[in-house]
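A look at the structure
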Amino acid sequence: MSDTQRPGGSSDLLEPDEEARPEDAIAAGGPGGVIAEGAIAATAAVEGGASVYQASLWGDAWRQLRRKPLFIISSVLLLLFTVVAIAPGLFTNQDPTFQDLSKTVQAPQAGHPFGYDILGRDYFARVLYGTRVSLVIGLLVVAIDVVVAIVLGSIAGYYGRFWDALIARIADIWFALPTVLAGIVFLNVMGERGLLQVAFVLIFLGWPTLMRLMRSSVLSGRESDYVQAAKALGASDWRIMRVHILPNGIAPVIVYATISVGIIISAEAALSFLGVGLELPAISWGLMISDAQNRILTSPHLLFFPGAALSLLVLCFIILGDALRDALDPRLR
Amino acid sequence: MGRYIARRLLQAIPVFFGATFIVFAMVYAIPGDPIRALNGERPISDSAMQQLHERYNLDDPLLVQYGKYIWGIVHGDFGKTFRGYPVIDIMKEKFPVTFRLALGAFVFEGIVGLFAGILAGLKRGSFMDNLLLISTMFIAAIPVFVLGFLAQIMLGIQFRIFPIAGIYNGWISYVLPSIVLGSLSLVYIARLTRTSLVENMRSDYIRTAEAKGLPRSRVVGRHALRNSLIPVVTYLGVDLGTLMVGAIITEGIFNIPGVGREIFLAIRGQEGAVVVGIVTAGIMIFIVMNLFVDLLYAVLDPRIRYE
Amino acid sequence: MRRRLRAPALLGLILALALVAAACGGDDEDGGAATTAPVATTGGEFSMSICEPESLIPQINAETCGSQVLKGLFTPLIQFDPETDELIYAVAESITSDDQTTWTVTLRDGWTFHDGTPVTAQSFVDAWNWGAFGPNGAGNNYFFGPYGVNIVGYDALNPSEGKPDAKELSGLTVVDDRTFTVELGAPFSEFPITVGYNAFYPLPPSFFEDSDAFNEAPVGNGPYMIDGSWQHDQQISVVRYEDYAGTPGNADAITFRIYADLDTAYRDTQAGGLDIADVPSEQIESGRAEFGDRFIESPSSSFSYIGFPLWAEPFDNPDIRKAMSMAIDRQAVITAIFFDTLTPADDMASPVVQGYREGACGEACTYDPEAAKELFDSAGGIDGELTIWFNNDGGHEQWIEAVANQWAQNLDIEFRFESMPFAKYLGLLDEGLDNELGDTDGVNGPFRLGWVMDYPSMQNYLENLHGTQAGSNYTTYSNPEFDDLIAQGKRATDLDQAVSLYQQADDLVIQDLPIIPLWFGLNQSVTSENVSNVIIDKFSFVDIARVEVVGGGA
């Protein structure tokens with residue numbers, strides 16, 4: 001989905017005065033099936049591009065968020081997940097790798113609330129330890145994507161012309177590529193598929209969209225009055241970017257990034273499910289679900305617990321992103 | 001408008017070459033000898049290996065291989081699998097199947113998504129609206145493979161409503177997988193429609209129309225919808241192309257012999273020609289769909305026409 | 001697509017109707033050109049699951065899905081009775097030799113290909129020459145060479161460099177339409193039982209005119225002929241060949257439905273859309289309950305093992321190998337992960353071949369974690385992390401993790417995995433083939449592999465895996481005494497004598513343990529109510545000619 005071919009988001013040299021439009025936010029990953037199958041993304045994350053933000057955007061947003069019950073609940077849950085990821089040992093004293101084949105697939109019972117997995121390992125401990133992998137990958141990948149997106153998007157949006165054309169073309173190519181397939185090809189032959197390798201592939205999945213969002217913000221910000229004024233006053237490019245454009249321009253990027261974390265977490269699970277994600281003996285929800293697929297009828301708990309955990313975590317990020325978007329949209333106030 | 005189209009066409013060219021070269025490089029730069037794989041755990045004579053390597057240009061440098069490949073495509077020759085089966089025939093068999101699946105998903109997500117989105121958008125804050133928001137969140141959070149298995153087991157085996165595998169039962173075979181495949185885009189479309197509609201309903205020109213005393217149906221039908229649907233339509237336009245190449249998981253779960261499953265198996269079997277062939281075709285489709293959508297956009301948004 | 005499906009269905013319907021009409025009208029069958037007495041066939045149609053074949057050219061196809069189809073389309077020189085394993089002379093009337101080295105093959109009369117051309121000695125010789133000719137790149141090429149039956153002249157067709165000088169094996173000679181001779185490079189008393197395999201099927205002249213077209217619609221000499229052509233990734237339809245010279249097939253038509261994975265096929269059988277399918281191991285328990293006597297279990301020849309790279313320390317130490325074998329609780333893995341569908345291996349050859357001895361492996365294959373730990377420690381243990389190798393596209397993840405955990409818990413070691421697609425995996429294993437102690441090419445830790453027999457002989461398990469420089473010997477095990485015993489066995493004219501020699505060789509390997517035998521396989525399939533008399537042979541193939549369709553005739 002290349003919105004550089006749409007006048008609303010064109011990087012064409014002859015159309016400097018474009019506005020960012022909602023469709024810019026549509027670009028959710030090109031023909032990468034798994035990601036397209038998993039994105040509700042920033043449906044209206046970029047309304048803000050058309051209007052000029054007030055200086056206290058973030059302050060206002062925060063005040064509004066604080067009062068929303070959904071936001072509070074999902075934040076608390078997220079905090080809980082984070083604690084679990086950092087110190088799973090706080091919540092269980094079982095060793096997630098200790099195998100006792102005689103206990104294979106036993107259902108939830110006293111002392112083992114999630115039962116046992118196929119190799120007779122305590123499932124509760126495994127689901128807890130799996131949180132770490134999902135959160136780390138999700139946050140790491142999106143963090144890097146955001147940084148890359150901000151840098152490239154700013155350059156493309158602010159300096160326009162050649163840089164814009166170059167970066168936009170690269171993003172186009174990226175969109176045309178079925179990046180998920182590319183990821184599968186890549187991962188299929190890597191000798192080792194650890195956290196870093198999988199993260200590496202996933203990073204390439206999301207950066208064009210974020211970059212475009214940033215670019216749109218920068219483009220509209222660049223044309224605004226106060227920026228023109230600052231330029232006239234002799235402010236350097238860097239200062240203009242840092243003080244005027246970035247603070248508000250980042251908003252749509254942050255919204256989409258939040259939801260992205262959920263998408264990336266889901267994508268890692270999908271890759272593991274396809275057999276090209278993390279390698280054994282990693283503890284990942286995706287691997288657990290993959291193991292469970294043939295025993296859904298006989299041992300449903302194998303699918304249910306990691307599936308629920310995964311869905312819940314992703315849900316948290318989606319709710320968070322939604323709430324952020326609502327809070328950051330001045331028109332909804 | 002002609003200039004607009006021409007420009008888009010020109011921009012498409014480097015995209016095509018860039019994308020296809022990257023795919024080609026990735027596939028053929030893979031370590032591991034695919035000829036070796038053909039023989040499984042059994043030995044293969046050096047002579048046979050040598051002949052096959054020559055036949056498939058496996059010893060040429062990458063750029064040369066790529067060049068020969070593109071040259072072949074221009075003549076409609078997408079190469080052969082290592083068993084000697086022409087890739088173009090494989091594509092001719094698989095693409096229509098995936099197309100039918102994608103079309104089914106498309107129709108499903110389009111109709112239901114639009115319908116739900118419009119309902120929700122027109123009655124912002126109502127029960128319908130909240131229901132939509134919450135249910136879409138849940139559908140989006142559940143991974144597609146879990147969704148697929150649940151559908152297969154619930155509707156296919158427990159209640160035997162739909163066939164669960166293959167495409168032997170005619171069009172009914174596509175129902176379940178289409179629904180699963182389209183479920184996430186459905187969420188997207190519903191929300192996009194809703195948001196777009198909500199936004200437009202608040203805008204000045206709608207307020208003017210209402211103030212003028214126009215009946216609601218006219219206001220919505222003639223003004224609000226038309227503008228709200230632009231982003232949705234552009235998304236839909238490209239989604240079809242996206243669905244075509246990406247339905248790997250769905251095709252696997254439901255045993256649909258389409259392009260997605262084919263690529264996955266080909267990657268495993270290191271059948272480079274198949275992977276590159278299908279992906280290249282997919283890229284071409286994608287670019288064409290994009291151009292088409294750009295055209296559509298020009299039609300819908302008059303500002304574009306006058307460039 | 002609907003049009004294509006209608007044709008075979010229509011044909012099947014007509015045939016079924018014709019049979020009904022004929023049967024209800026009087027006599028069952030016409031005389032035909034069969035050499036055996038006319039047999040009433042049940043008629044009807046059924047379907048079974050396969051995966052997408054690599055090829056339908058017998059000399060190329062080395063995987064089970066295509067081979068299943070080919071078994072219906074072709075009849076080789078000899079066959080094995082699926083229930084008794086008895087050798088049956090099919091197209092061949094006799095295969096004899098005075099010196100175990102030069103063999104005379106005499107064919108029966110009356111055999112024809114589906115296009116009417118006769119099956120002659122030339123049909124076999126031409127086919128074998130094609131298979132053995134290096135540049136054709138046939139997957140079963142090696143069968144004609146030193147790792148297979150070793151026909152004289154193979155090397156000329158497979159030079160290590162450059163193009164071959166000859167196109168025909170000098171060891172094959174056509175004497176007349178019904179006779180040809182085969183000269184082997186070394187005596188091999190079991191030669192007759194080896195020629196039942198794909199590589200040795202005959203080919204009609206039409207193959208040599210257009211092998212690509214042949215691949216889409218093979219013309220064989222078997223009880224069934226292809227109906228239409230190979231619909232890739234969907235199905236292959238076959239109908240009964242009315243002029244078949246052997247026992248005609250029971251069903252009128254068979255559809256081989258192609259599935260990407262086992263589970264979908266199984267679910268389809270549950271849902272009533274398929275007649276015969278394999279059972280995924282996770283479904284064994286529920287399958288037994290659900291299908292009752294339509295759940296079929298029979299021994300298969302499959303053999304799973306873990307090999308050691310003997311060039312890499314400390315795996316050159318037999319005590320280490322033995323300790324690691326004793327630390328595996330095979331039965332526990334089989335019960336938890338395979339639902340008891342396998343049997344723990346206690347010999348280096350499968351129970352389905354003559355010569356297998358129960359418990360031959362003895363102590364080395366018996367689970368004893370304490371003794372294992374003791375042996376392991378006294379042998380010096382392993383420094384650092386153990387790297388375990390396997391291919392990630394064969395569904396091995398669960399049991400390998402289970403075994404690795406057992407090693408970790410019983411021997412107190414750390415491990416990591418290296419997994420990759422089969423192609424790359426084999427390539428890596430190949431790299432180690434020329435290694436000597438201390439070399440570092442290739443894999444550096446235990447690796448999993450499997451073996452399915454090419455023909456029912458103990459020699460097939462032993463020589464291919466453990467013979468010096470043998471085709472599938474990835475451990476680089478080399479024992480001259482072993483090689484000698486095997487060669488003697490191949491020369492022996494008396495089968496019992498051969499077996500006894502093979503058993504001695506077996507003992508040597510068990511003592512040295514270059515591989516850890518893990519388990520033997522079982523076939524498990526389920527059928528719908530539409531079919532009966534479904535027999536699965538030791539090669540894990542369904543004898544499709546015998547399958548009866550319930551209610552197919554009048």
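A quick note: this is a predicted structure, and the numbers were derived from the prediction, not measured.

A tally of regular secondary structure across chain B gives 14 helices and 0 strands. Secondary structure of chain B in N-to-C order comes out as α-α-α-α-α-α-α-α-α-α-α-α-α-α. Taking all 307 residues of chain B together, 61% fall into the buried category. Here the contacts in chain B between residues at least 6 apart in sequence split such that 73% fall between residues at least 24 apart. Surface summary for chain B: the accessible area is close to 12,100 Å², and the carbon and sulfur share equals 69%.

To continue, consider the packing of helix H7 (residues 195-223) of chain A against helix H9 (residues 237-274) of chain A. All names here are of chain A. Between H7 and H9, whose axes approach to 9 Å, the crossing angle comes to 155°. Considering their axes alone, H7 and H9 lie roughly antiparallel with respect to each other. As H7 runs across H9, the sense of the crossing is right-handed. Tallied by class, residues from the contact of H7 with H9 come to 17 nonpolar, 4 polar and 2 charged.

With that out of the way, let us pick up the state of the cysteines. Residues and elements named next belong to chain C. Tallying each qualifying case throughout the model produces 2 disulfides over all chains. Shown here is the disulfide that connects cysteine 51 with cysteine 65, its sulfur atoms set 1.7 Å apart. Across the S-S bond of cysteine 51 and cysteine 65 the torsion is about 100°, and the bridge reads as right-handed. Of this pair, cysteine 51 sits in the loop between strand S1 (45-50) and helix H2 (64-73) while cysteine 65 is found in helix H2, placing the two residues 14 residues apart along the sequence. Given the relative accessible area of 11%, cysteine 65 is considered buried.

What follows is about the sheet that holds strand S5 (residues 102-107) of chain C. Residue and element names in this part refer to chain C. Taken in spatial order, the 4 strands make up an open sheet running S4-S5-S7-S6, and their pairing is antiparallel. The open sheet has two edge strands, strand S4 (92-97) and strand S6 (172-176), and neither has a second partner. Averaged over all adjacent pairs, the angle separating strand axes in this sheet is 20°, with direction ignored. Where helix H3 (residues 121-132) meets the sheet, it contacts S5, S6 and strand S7 (179-183), and its direction lies at approximately 170° from that of S6.

With that settled, the discussion passes to the environment of Val261(A). All names here are of chain A. Mapped onto the secondary structure, valine 261 falls in helix H9. Since its relative accessible area comes to 5%, valine 261 is described here as buried. Every residue in contact with valine 261, bar those within four places of it in the chain, is listed here: Gly138, Leu139, Val142 and Phe317.

This brings us to the confidence of the model for chain C. All names here are of chain C. Overall, the predicted model of chain C reaches an average pLDDT of 85, with 91% of residues at or above 70. Between residues 1-38, whose pLDDT stays under 50, and residues either more than four places distant or in other chains, the model counts 36 contacts. The ipTM assigned to the predicted complex is 0.73, against a pTM of 0.75.

Here the focus is the nonpolar core. It is characteristic of soluble globular proteins that their nonpolar side chains tend to be buried jointly. Counting 325 residues, the largest nonpolar core has Trp128(C), Met324(C) and Trp407(C) as its most contacted members. Among the elements that line this core, the one with the most residues is H9(A), at 21 residues. Those residues in contact with Trp407(C) that sit more than four places away from it in its chain are Ile306(C), Met324(C), Ala327(C), Ile328(C), Leu386(C), Ile388(C), Asp412(C), Ile413(C), Pro446(C) and Ile516(C). If you look at the next biggest cluster of nonpolar residues, it comprises 8 residues, including Met201(B), Val219(B), Val220(B) and Leu225(B).

All names here are of chain A. On the surface, a cluster of nonpolar side chains totalling about 440 Å² of accessible area is made up of Val136, Leu140, Ile144, Val148, Leu195 and Leu196. Elements with a contribution of two residues or more to the nonpolar patch: helix H4 (123-159) and H7. The element contributing the most residues to the nonpolar patch is H4, with 4 residues. Tracing the backbone through its elements, the reader meets valine 148 in helix H4.

Moving on to the side chain of Thr258(A). Residues and elements named next belong to chain A. Structurally, threonine 258 is set in helix H9. A relative accessible area of 11% means that threonine 258 is categorised as buried. Beyond its immediate sequence surroundings of up to four residues, threonine 258 is in contact with Phe317, Leu320, Gly321 and Leu324.

On to the environment of Gly262(A), then. Residues and elements named next belong to chain A. Tracing the backbone through its elements, the reader meets glycine 262 in helix H9. On a C-alpha basis, the gap between glycine 262 and proline 252 in space is 16 Å, while along the polypeptide they are 10 residues apart. Once residues lying within four places of it in the same chain are set aside, the contact partners of glycine 262 are Val314 and Phe317.

How big an interface is tends to be stated in terms of the accessible area lost upon association of its parts. Each side of the interface is counted separately: chain C has 25 residues, and chain A has 21 residues. Of the roughly 2,000 Å² buried between chain C and chain A on both sides combined, carbon and sulfur atoms contribute 46%. Across the chain C-chain A interface, the total number found is 1 salt bridge. With a closest N to O distance of 2.8 Å, Arg121(A) and Glu401(C) form a salt bridge. Counting the contacts that link chain C with chain A gives 6 residue pairs in polar contact (both at pLDDT 80 or more). Of all elements in the fold, only helix H11 (330-338), helix H13 (397-411) and strand S15 (414-420) of chain C reach the threshold of two or more residues within the side of chain C that touches chain A.

The next thing to look at is a positive patch on the surface. On the surface, Lys212(B), Arg218(B), Arg222(B) and Arg226(B) cluster together to form a positively charged patch. Residue Arg226(B) is classed as exposed on the basis of its relative accessible area, which comes to 52%.

Enumeration over the complete set of coordinates arrives at 26 salt bridges over all chains. The closest approach of N and O atoms between Asp117(A) and Arg121(A), which form a salt bridge, is 3.1 Å. Comparing Asp117(A) with Arg121(A), the two get one shared label, buried. Taking the shortest distance from any N to any O, the salt bridge between Asp117(A) and Arg126(A) comes out at 3.5 Å. Considered together, Asp117(A) and Arg126(A) belong to a single accessibility category, that of buried residues. Counted as one network, the salt bridges with shared partners bring together Asp117(A), Arg121(A), Arg126(A) and Glu401(C).

In this section: the side chain of Thr104(A). With respect to the element layout, Thr104(A) can be found in the loop between helix H3 (69-86) and H4. Among the polar contacts made by the side chain of Thr104(A), one reaches the main-chain carbonyl oxygen of Ile118(A) at a distance of 2.7 Å. What Thr104(A) contacts, discounting residues up to four positions off in sequence, is Asp117(A), Ile118(A), Gly120(A) and Ala336(C).

Quick look at the pairing of S1(C) now. Residue and element names in this part refer to chain C. Extensive coverage of S1 is indicated by the burial of 5 of its 6 residues. Taken together, the 6 bridges between S1 and strand S10 (residues 253-258) define a ladder with parallel strand orientation. Bridging from a neighbouring strand, phenylalanine 46 pairs with isoleucine 254 of S10.

Our next topic: the packing of aromatic side chains. Between two aromatic rings, the relevant description is the distance of the centres plus the angle of the planes. All names here are of chain C. In this structure the tally under the stated criterion is 38 aromatic pairs over all chains. Ring centres 6.1 Å apart and planes at 35° place the aromatic pair phenylalanine 80 and phenylalanine 539 in the tilted group. Here the residue phenylalanine 80 occupies a position in strand S2 (residues 78-80), and phenylalanine 539 occupies one in the loop between strand S18 (531-532) and strand S19 (548-549), the gap between them amounting to 459 residues. The pair formed by phenylalanine 80 and phenylalanine 539 is uniform in burial state, with each residue classed as buried. Look at tryptophan 130 and phenylalanine 207: their rings are 5.0 Å apart centre to centre, the planes differ by 85°, and that puts the pair in the edge-to-face class. With tryptophan 130 in helix H3 and phenylalanine 207 in helix H6 (residues 205-209), this pair connects stretches of sequence that are 77 residues apart. Per residue, the accessibility class of tryptophan 130 equals that of phenylalanine 207, and both read buried. Joined through ring pairs, the aromatic side chains of Phe124, Trp128, Tyr142, Phe143, Phe144, Phe180, Tyr197 and Phe200 make up one cluster. The ring of phenylalanine 188 has lysine 490 sitting right over it, with the charged end atom 4.9 Å from the ring centre.

The subject of this paragraph is the pairing of strand S17 (residues 515-527) of chain C. Residues and elements named next belong to chain C. In terms of residue burial, S17 counts as a mostly covered element, since 12 of its 13 residues are buried. Examined bridge by bridge, strand S11 (residues 276-278) and S17 share 3 bridges and lie antiparallel to one another. Considered in S17, the bridge of aspartate 278 is made with serine 525. Sheet topology note: the strand S12 (residues 295-307)/S17 ladder contains 10 bridges and is antiparallel. In the strand pairing of S17, isoleucine 306 is matched with isoleucine 516. By the bridge criterion, 2 bridges tie strand S13 (residues 343-344) to S17 in an arrangement that is antiparallel. Bridge pairing in S17 links proline 344 to tryptophan 519.

About the criteria used
- Residues numbered from 1 in each chain as written.
- Chains lettered and ligands numbered in written order.
- Predicted model: local features only at pLDDT ≥ 70, side-chain atom pairs only at ≥ 80, totals over all residues.
- Heavy atoms only, no water.
- Helix = DSSP H or I, 4+ residues; strand = E, 2+ residues; numbered from the N terminus.
- Buried < 20%, exposed > 50% of the residue type's maximum accessible area, 1.4 Å probe, protein only.
- Contact = heavy atoms within 4.5 Å.
- Areas by Shrake-Rupley, 256 points an atom, 1.4 Å probe, with all protein chains shown as cover.
- Axes fitted to C-alpha atoms, helices over the stretch in contact; angles between N-to-C directions.
- Parallel < 35°, antiparallel > 145°, perpendicular 65-115°, else oblique.
- Left-handed = near helix turned anticlockwise from the far one by under 90°.
- Nonpolar A, V, L, I, M, F, W, Y, C, P; charged D, E, K, R; others polar.
- Disulfide = S-S within 2.5 Å.
- Pairing = 2+ DSSP bridges.
- pLDDT = per-residue confidence, 0-100.
- Core = buried A, V, L, I, M, F, W, Y, C linked by side-chain atoms within 4.5 Å.
- Patch = residues over 30% accessible without salt bridge, like charges linked within 9 Å, V, L, I, M, F, W, Y side chains within 5 Å.
- Salt bridge = Lys/Arg side-chain N within 4 Å of Asp/Glu carboxyl O.
- Buried area = accessible area lost by both parts, 1.4 Å probe.
- Polar contact = N/O pair within 3.5 Å; in protein donor to acceptor, adjacent residues only side chain to side chain.
- Lys, Arg positive; Asp, Glu negative; His and termini not counted.
- Charge placed at Lys NZ, Arg CZ, Asp CG, Glu CD.
- Phe/Tyr/Trp six-rings, centres within 6.5 Å; stacked < 30°, edge-to-face > 60°.
- Lys NZ or Arg CZ within 6 Å of the ring centre and 35° of its normal.

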